[in-house]
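Summary of the model geometry
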Amino acid sequence: MSNTAIPLEIRRVIFEKFNDTNTRFTNDEILEILKGNGLDGSITIDDVEPFFNQLRDDGLIRQIAQNFTTNWYKLFDVVEKIKCNSCNKEVYLGKLEPRVCPNSECKATL
């Protein structure tokens, strides 16, 4: 899994496991799921922190608590799966997010 794919995979995990505005989840939980799905085991929570910060800045998640490196989050709104016709990938966007492909290699309007 490349660094460009990690944000897309985080979005997929949120869609599949935590797609409820009342459910809270942590960056640690998502990292462990990603490692179970083939992410390099040497990647640490500090390595993925910028990706979570970007999701927060994009308006997908909001941070509700923190304990050292563990951050708890909730969704602003449910996540939808959308097929990007430009890059031909399934992408996951919150209903309140701009309709732009989150794939860093695409960024097409959806």
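Before reading on, note that the structure itself is shown above.
Residues numbered from 1 in each chain as written. Predicted model: local features only at pLDDT ≥ 70, side-chain atom pairs only at ≥ 80, totals over all residues. Heavy atoms only, no water.

**Comments concerning the sheet that holds strand β2 (residues 61–67)**
Pairing is antiparallel in the open sheet, where 3 strands are placed in the order β1-β3-β2. The two strands at the open ends of the sheet, each matched to only one other strand, are β1 (25–26) and β2. As defined by bridge partners, β2 adjoins strand β3 (residues 70–75) across 6 bridges and the pair is classed as antiparallel. By the bridge assignment, Ile61 is partnered in β3 with Leu75. (Pairing = 2+ DSSP bridges. Helix = DSSP H or I, 4+ residues; strand = E, 2+ residues; numbered from the N terminus.)

**Concerning the packing of aromatic side chains**
On inspection of all chains with the given rule, the structure shows 4 aromatic pairs. Each member of the aromatic cluster is reached from another via a ring pair, and the members are Phe18, Phe25, Phe52 and Tyr73. The side chain of Arg62 reaches across the aromatic face of Phe76, ending 5.6 Å from its centre. (Phe/Tyr/Trp six-rings, centres within 6.5 Å; stacked < 30°, edge-to-face > 60°. Lys NZ or Arg CZ within 6 Å of the ring centre and 35° of its normal.)

**Focus: the pattern of salt bridges**
The full count for this structure, using the stated rule, is 7 salt bridges. Glu97 is paired through a salt bridge with Arg11; the nearest N and O atoms lie 2.8 Å apart. Linking Glu97 in the segment after β5 (90–94) with Arg11 in helix α1 (residues 6–17), this pair joins segments that are 86 residues apart in sequence. Looking at Arg11, the relative accessible area reads 4%, which means it is buried. (Salt bridge = Lys/Arg side-chain N within 4 Å of Asp/Glu carboxyl O. Buried < 20%, exposed > 50% of the residue type's maximum accessible area, 1.4 Å probe, protein only.)

**A closer look at the pairing of β5**
Within β5, 4 of the 5 residues are buried, which leaves it mostly tucked inside the rest of the structure. Connecting the antiparallel pair strand β4 (residues 79–83) and β5 is a turn made up of 6 residues, with Asn88 showing a positive phi of about 65 degrees.

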